[in-house]
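A structural walkthrough
Listed here are the chains, written in short residue letters.
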Amino acid sequence: MHSQHKTITQIISLSALTLALTACGSSNSQSNEPTTPTAQLPSVLIGELTATTATTITVNQHEIPASNAEVEIDGVDGSLSDLKKGMMVAVETNGSHATEIDYDPNFKGPVQVQDNVINIAGVRLTGFDSSTVKDGDLVEVSGYNSAYNRLTVTYQQPISDPQTELEVEGVISALNTQQRTFSLGNIMINYQQADVDGPLVNGQFVEVEGFMNGPQLLANEVDAKQHSSFDDDTDSQLAGQITWLNNDSTLMTINGQWQVSLNAQTRYDDGTVADLAIGRFVEIDALWQQANNRFVAQEIEFGSANDVVNSNSAFSVTGLVTYTQGVATINGIEFMLNNQTVFDDGLTLNNIEGRWLELEGIIADDKQTVSEVELMDGNEPLNLTGFVSADQNMQASLWGYVSEDNSLDQYLDQYVELECQWVAEDQVTACRLDD
């Protein structure tokens, strides 16, 4: 396999942390009826394998000739017959035929079964057949990640060999740099002997490979970088669910994994930019932008509007930021930054301390994870999106702000998108719905 293989495997295995997706083969997704073989295929297709024959595969509604393609299954050379329906794959083509097909599972690890809920490394599995598993069993799963710390399973199989090398991914918590341990959900990771790529901080998304040893997973590799090196302008096709969308609809995340920027040249099929919403299933023709580590959407085709799910997990907050070790704080409230956070306006982790910023992102497991950071002016209205609740003084409060004119009171116990005028410290005034 040529040099782009590792990049593709990293992209299809990268999971957003936090995100209930509609599988391509489910009732809410687009039709999976294959088209006739396409004369000009994208250079890269990333999506669910919905059909196979002895000589073809179907991904993103394209029936692709694949009899001469190199196949890699979880890092090992394989054959077309090893590919199974439901696997999430990345396919490289020469425009008419598949040249490489890579499958890398989202998880190979122990499931946690509790009150009929199935989790793995803290990620809830939906669409998982739990009839033949019990707590602690090893399984392999592939599917769509979501902004709600869930994975919609499209392929699963049991792992019978306890010595199988496992793969798990998720957001670091309980990091102990002296003992060299951290947690991914209910799994304790011991990385004393691991090859670590990138910095480790709480809130950071990582992929881990290793072997179970009692209650711990002894890691041999920890990947915290998640950067890719496609050639610029590689034409690609992605299919999945919008798991985050910024305020001005210029940047979104697909499947909690892929950052996609939108601009005035982006075309829309069966909808408009106004139809973009968290939870909407889309198919995107895009170009890879290496400098920004993201895709640029050329055309977006919408799936059913019924795909849209409750988007009350999205937030935005503007304020004066203090920063330490992966955590930005506004009004005493913590917001987690990680290796998938996009920094605009020349911002980096090294220069956000003491700056007036807007943070946008997703709430999952009672944690605010930041997707985008933008530079703001304290004289401009504050953008505040979230749930208005009563603080300890029984004042209506949103992200630590209270209104001196009681303009927040009318929104108590509501999820709202507001503009407010900043007065001083945690005081705002003239809060109104953002049109």
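Residues numbered from 1 in each chain as written. Predicted model: local features only at pLDDT ≥ 70, side-chain atom pairs only at ≥ 80, totals over all residues. Heavy atoms only, no water.

Our focus in this paragraph is the overall build of the chain. If you tally the helices and strands in the chain, you get one helix and 39 strands. Out of the 435 residues belonging to the chain, those deemed buried represent 54%. Of the accessible surface of the chain, which amounts to about 18500 Å², a share of 44% is contributed by carbon and sulfur atoms. (Helix = DSSP H or I, 4+ residues; strand = E, 2+ residues; numbered from the N terminus. Buried < 20%, exposed > 50% of the residue type's maximum accessible area, 1.4 Å probe, protein only. Areas by Shrake-Rupley, 256 points an atom, 1.4 Å probe, with all protein chains shown as cover.)

This part takes up the nonpolar core. Counting 31 residues, the largest nonpolar core has Phe-128, Val-168, Phe-182, Ile-189, Val-206, Val-208 and Val-222 as the members making the most contacts within it. Not counting residues within four places of it along the chain, the set of residues in contact with Val-208 comprises Leu-166, Glu-167, Val-168, Phe-182, Leu-184, Ile-189, Leu-217, Ala-219, Glu-221 and Val-222. (Core = buried A, V, L, I, M, F, W, Y, C linked by side-chain atoms within 4.5 Å. Contact = heavy atoms within 4.5 Å.)

Looking now at unusual backbone geometry. Located in the positive-phi region is Arg-180, a residue other than glycine, with phi close to 55 degrees. When you line up the elements, Arg-180 lands in the loop between β15 (173-176) and β16 (181-184). Although it is not a glycine, Asn-293 adopts a positive phi angle of roughly 55 degrees. Checked against the element boundaries, Asn-293 lands in the loop between β25 (281-289) and β26 (294-302). Take Asn-293: its relative accessible area is 23%, and that puts it in the partly exposed class.

The full count for this structure, using the stated rule, is eight aromatic pairs. Connected via pairs of aromatic rings, a cluster forms that spans Phe-315, Phe-335 and Trp-399. (Phe/Tyr/Trp six-rings, centres within 6.5 Å; stacked < 30°, edge-to-face > 60°.)

So, about a negative patch on the surface. A cluster of acidic residues, Glu-165, Asp-195, Asp-197 and Glu-221, forms a negative patch on the protein surface. The topology assignment puts Glu-165 in the loop between β13 (150-158) and β14 (166-171). A relative accessible area of 32% means that Glu-165 is categorised as partly exposed. (Patch = residues over 30% accessible without salt bridge, like charges linked within 9 Å, V, L, I, M, F, W, Y side chains within 5 Å. Salt bridge = Lys/Arg side-chain N within 4 Å of Asp/Glu carboxyl O. Lys, Arg positive; Asp, Glu negative; His and termini not counted. Charge placed at Lys NZ, Arg CZ, Asp CG, Glu CD.)

Applying the stated criterion across every chain, the model contains four salt bridges. Taking the shortest distance from any N to any O, the salt bridge between Arg-432 and Glu-419 comes out at 3.1 Å. Within this pair, whereas Arg-432 is found in strand β39 (residues 427-433), its partner Glu-419 is found in strand β38 (residues 415-424), the two being separated by 13 residues in sequence. The partly exposed category is assigned to Arg-432, whose relative accessible area is 42%. Overall, Glu-419 belongs to the buried group, its relative accessible area being 19%.

Further remarks concern the side chain of Asn-383. When you line up the elements, Asn-383 lands in strand β34 (residues 382-387). On the basis of relative accessibility, which here comes to 16%, the residue Asn-383 falls in the buried class. Looking at Asn-383, its side chain comes within polar contact range of the side chain of Glu-358, at 3.3 Å. In this structure Asn-383 touches Asn-247, Ser-316, Val-317, Thr-318, Glu-358, Met-376, Leu-418, Glu-419 and Asp-434, once residues within four positions along its chain are discounted. (Polar contact = N/O pair within 3.5 Å; in protein donor to acceptor, adjacent residues only side chain to side chain.)

On to the pairing of strand β11 (residues 123-126). Pairing geometry for strand β10 (residues 117-120) and β11, over two bridges, is antiparallel. Looking across to β11, one finds that Ile-120 is bridged to Val-123. As consecutive antiparallel partners, β10 and β11 are separated by two residues, and within that stretch Ala-121 has a phi angle of approximately 55 degrees, a positive value. Pairing analysis gives three bridges linking β11 to β13, with the strands arranged parallel. Residue pairing in the sheet places Thr-126 in a bridge with Thr-152 of β13. (Pairing = 2+ DSSP bridges.)

With 87% of its residues at a pLDDT of 70 or more, the chain has an overall mean of 86. Across residues 1-38, confidence stays below pLDDT 50; counting only partners more than four residues off in sequence or on other chains, it has 152 contacts. (pLDDT = per-residue confidence, 0-100.)

Before going further, it helps to examine the environment of Asn-350. If you trace the backbone, Asn-350 turns up in the loop between β31 (342-343) and β32 (356-364). Taking the C-alpha atoms as reference points, Asn-350 and Tyr-323, separated by 27 residues in sequence, lie 9.2 Å from one another.

Time to look at the pairing of strand β2 (residues 56-59). Of the two faces of β2, both are covered, the one formed by Thr-56 and Thr-58 as well as the one formed by Ile-57 and Val-59. With antiparallel pairing between neighbouring strands as the criterion, strand β1 (residues 44-52) and β2 make up a hairpin whose turn holds three residues. Looking at chain direction, β2 and strand β3 (residues 62-65) are connected through four bridges and run antiparallel. In the sheet register, Val-59 faces β3, and the bridge partner there is His-62. Counting the residues between successive antiparallel strands, the hairpin from β2 to β3 contains two residues, one of them, Asn-60, with a positive phi of roughly 50 degrees.

This paragraph deals with the environment of Asp-285. One can find Asp-285 in strand β25. The exposure class of Asp-285 is partly exposed, given its relative accessible area of 25%. The sequence separation of Asp-285 and Thr-266 amounts to 19 residues, and the corresponding C-alpha distance is 9.6 Å. If near-sequence neighbours (up to four positions away) are discounted, Asp-285 is found in contact with Ser-236, Gln-237, Val-296, Ala-297, Gln-298 and Glu-299. Within the structure, the side chain of Asp-285 is placed 3.1 Å from the side chain of Gln-237, a separation counted as a polar contact.

Residue position: Ser-316 is located in strand β27 (residues 314-320). You can call Ser-316 buried: its relative accessible area is 1%. Ignoring anything within four residues of it in the chain, the contact list for Ser-316 reads Asn-247, Glu-358, Leu-359, Glu-360, Asn-383, Leu-384, Thr-385 and Trp-399.

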